[in-house]
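# Structural description and commentary
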Amino acid sequence: MTRNRNSSNNIHKLYDLYLESERSRLIKHADAYLKAVMVFPNYYGVAMSNLGFLRAYELINESGFISCDRAFLQDDASKGIISIETRQRLASYDFIFFSLSYENDFPNILSILTAEKIPLLSKDRGKSFPLIMAGGVIAFLNPEPVAPIFDLMFIGEAEAIFPDFFKIVENKNKYEILETAAKIDGIYVPSAYNFIFDKKRPNVLNKIEHLSGFPKKIRRKCADKDSAFSSSVITTKFSELSNINMIEIERGCKRGCRFCSAGFIYLPLRESKSCNVFKAIESLSENDKAGFVGLGTMDSKNINKIMQFSLDSKKPFSLSSIRFDCLDENNLDLIKETGIKTVTLGIETGSSRLKKMINKDIGNDEITAVLKNIIKKGIVNIKLYFMFGLPYEEREDLDETINLIKTMRKEFVESSKINKRIGLLTASFGPFVPKAWTPLQWENFEDLTVLRRKADYLTDNLKRLPNLNVNINPLNAAFTEAFFARGSRISNEILIYSFMNKTGLKNAAADKGYDINDFIRKFGEDELLPWDIIDQGVTKKYLLEEYLRGVNFKTTPQCFEGCKRCGVCR
Ligand code: SF4
């Protein structure tokens, strides 16, 4: 994976190079009279591999009356932040849209605004500043750690909210837009809400107050099954996915894995229509490859038809994530035929107890059998993803994971003989981060000292095995993610203090009179949570029931026809 940092001192030359490499199907309306810029708070290469960012950029331009450019994090921001298309400074636009996909990008939002001399908080910006908004998965998972920065936030999917939003922005000033926007489902005006915290208990929320005329909760809006579809409007070799045109196969997931936030906030599952996918495949340029994306692409009932169509059209494809229990002879043949050499499998844990706790209960024998089948098909490299630091994890659970990997490695080497070459088997471990809107949202993030010990235990037991690579994801980055993932408006104060004073989050929290551990703690089951400001569809009651089933090691079946249990399908 290449990181295309815009480290050049001459950002204009770099952006010229990027633009030359782009293939785009975007049509900008010449008579658009409002100017917007879509900002991704990370580098160009990361942004251009983000389908949500590209989709929002496309939809804004489709409005007809708003012309939208793109901007990114710049290494050299001494002359401000400029858009890639017109090289205008952000502060000169009517609207600035931020696309939020990763909690750890939050400090970059502050760098970008500071480079443009824009006050960091919405309340400190007068009418001369553009309307500054944010959307994207993180905005509607838990907006609170960044909410005071934005004038307005989109709670839900762009296809569903933008049409109503576009209707109210024509011929209105910033304040009129904010007032009218409050009446639209899926729009959150953070300044209209006051979060009152307990004076005696740190980071415990007592009450959420709202101004009259604003809704008590912001209802998430999601696209209906006909409009929930997207594919990359631009492809480039400088994207982290290099020349891959991402094509959405499905949105949402029916499996209910209890750690997965995307699995809950994108409910219900909406499969893309085959005709839309086929059209997107047919329109690929000769340099581009199709990248089928979705939370569980192999779950889609059309996936074999889609892969076959791609092969028949002579367009190679890749797959973003593979549910290994969906792999069979037929789809493995298609995957092999397109030339995929590496398959990535999210296994999470080898522990039979914890598999039930997270509701991903697939037996280790089945996992090993799938690995054997993959190798026998001639797909030589396998990447395995695991979590550690899961709630209730004991030494025995880690041992089960270690034993599973050892068995898989043995099978991997054995089965590879048929290919006359041994590829690469990689096991990556990431710490479990409790996320808002999941059944495990009440759990704590594991203590860093314990996590380090567990990481050492895993590497010590696995590192000397031949033909196996072991990676442990950085623990400090996971800690930062955990701090923000269930953060509040107090987290926002800490974020800004940390940025202004160039100090770490831990020190910033201490200087503000908090213990950082109060932000990664176990939350009370009856506690008011910062993200309770959102009506996500899935109810808190259902999540709590699921949580209790999880901690009692009980599994729950996936979505089924006629089911109404979680609150999303009414
Ligand atoms: S109500 Fe049932 S079918 Fe609908 S999203 Fe929730 S769990 Fe799935």
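Residues numbered from 1 in each chain as written. Predicted model: local features only at pLDDT ≥ 70, side-chain atom pairs only at ≥ 80, totals over all residues. Heavy atoms only, no water.

## Comments concerning the overall build of the chain
Selection rule: Runs of H or I in DSSP of at least four residues are treated as helices and runs of E of at least two as strands, each being numbered from the N terminus. To get the radius of gyration, use the C-alpha atoms; to get the globule rule, take the number of residues to the power 0.38 and multiply by 2.2 Å. Burial classification: accessible surface area is computed with a 1.4 Å probe over protein chains only, and a residue below 20% of its type maximum counts as buried, one above 50% as exposed, and the rest as partly exposed. It only takes one pair of heavy atoms within 4.5 Å for two residues to be counted as in contact. Counted as positive: Lys and Arg. Counted as negative: Asp and Glu. His and the chain ends are not counted at all. To locate a charge, the coordinates of NZ of Lys, CZ of Arg, CG of Asp or CD of Glu are taken.
Secondary structure summary: the chain contains 19 helices and 21 strands in total. Relative to the globule expectation of 25 Å for 570 residues, the C-alpha radius of gyration of the chain, 24 Å, shows essentially globular dimensions. The burial tally for the chain puts 58% of its 570 residues in the buried class. Counting only contacts in the chain whose residues sit at least 6 apart along the sequence, the fraction spanning at least 24 positions is 74%. Side-chain charges in the chain split into 81 positive and 72 negative, and the spacing between the mean points of these groups amounts to 1 Å.

## Digging into the site of the ligand
Spelled out, the test is: We call a residue near a molecule or strand when any one of its heavy atoms sits within 4 Å of it. Any residue outside Ala, Val, Leu, Ile, Met, Phe, Trp, Tyr, Cys, Pro, Asp, Glu, Lys and Arg is labelled polar, Gly included; the first ten of those are nonpolar and the last four are charged.
Lining the immediate surroundings of the ligand are Leu267, Cys559, Phe560, Cys563, Lys564, Arg565, Cys566, Val568 and Cys569. Along the lines of polarity and charge, the residues of the shell around the ligand split into seven nonpolar, no polar and two charged.

## Regarding the nonpolar core
Soluble globular proteins tend to pack their nonpolar side chains together in the buried interior. Our working rule: As used here, the term nonpolar core means buried Ala, Val, Leu, Ile, Met, Phe, Trp, Tyr and Cys residues forming a set that is joined through side-chain atoms within 4.5 Å.
Counting 195 residues, the largest nonpolar core has Phe98, Phe165 and Phe292 as the members making the most contacts within it. When neighbours within four sequence positions are excluded, Phe98 is seen to be in contact with Met38, Val39, Ile109, Ile112, Leu113, Ile132, Met133, Ala134, Gly135 and Phe150.

## What about the sheet that holds strand 20 (residues 468-472)?
To keep things clear, this is the line we draw: In this analysis, strands are considered paired if DSSP registers two or more bridges between them. The angle between two axes is taken between their N-to-C directions and runs from 0 to 180 degrees, where each axis is a line fitted to C-alpha atoms and a helix contributes only its stretch in contact.
Taken in spatial order, the four strands of this open sheet run 17-18-19-20, and their pairing is parallel. The two strands at the open ends of the sheet, each matched to only one other strand, are strand 17 (342-348) and strand 20. Neighbour-to-neighbour, the strand axes of this sheet turn through a mean angle of 20°, independent of strand direction. Where strand 17 meets strand 18 (residues 381-388), six bridges bridge the pair, whose relative direction is parallel. Paired with Thr342 across the strands is Asn381, a residue of strand 18.

## Concerning the domain arrangement of the chain
Here is the rule: Domain boundaries shown here were taken from an automatic or database domain assignment. Buried area: the accessible surface (1.4 Å probe) lost by two parts on joining, summed over both.
Taken domain by domain, the chain consists of domain 1 (11-219) and domain 2 (234-482 + 522-551). Computed over C-alpha atoms, the centres of domain 1 and domain 2 are 29 Å apart. Taken together, the contact between domain 1 and domain 2 spans 40 residues of the former and 36 residues of the latter. For the pairing of domain 1 and domain 2, the buried interface totals around 3,300 Å² over both sides, and the portion due to carbon and sulfur atoms is 61%.

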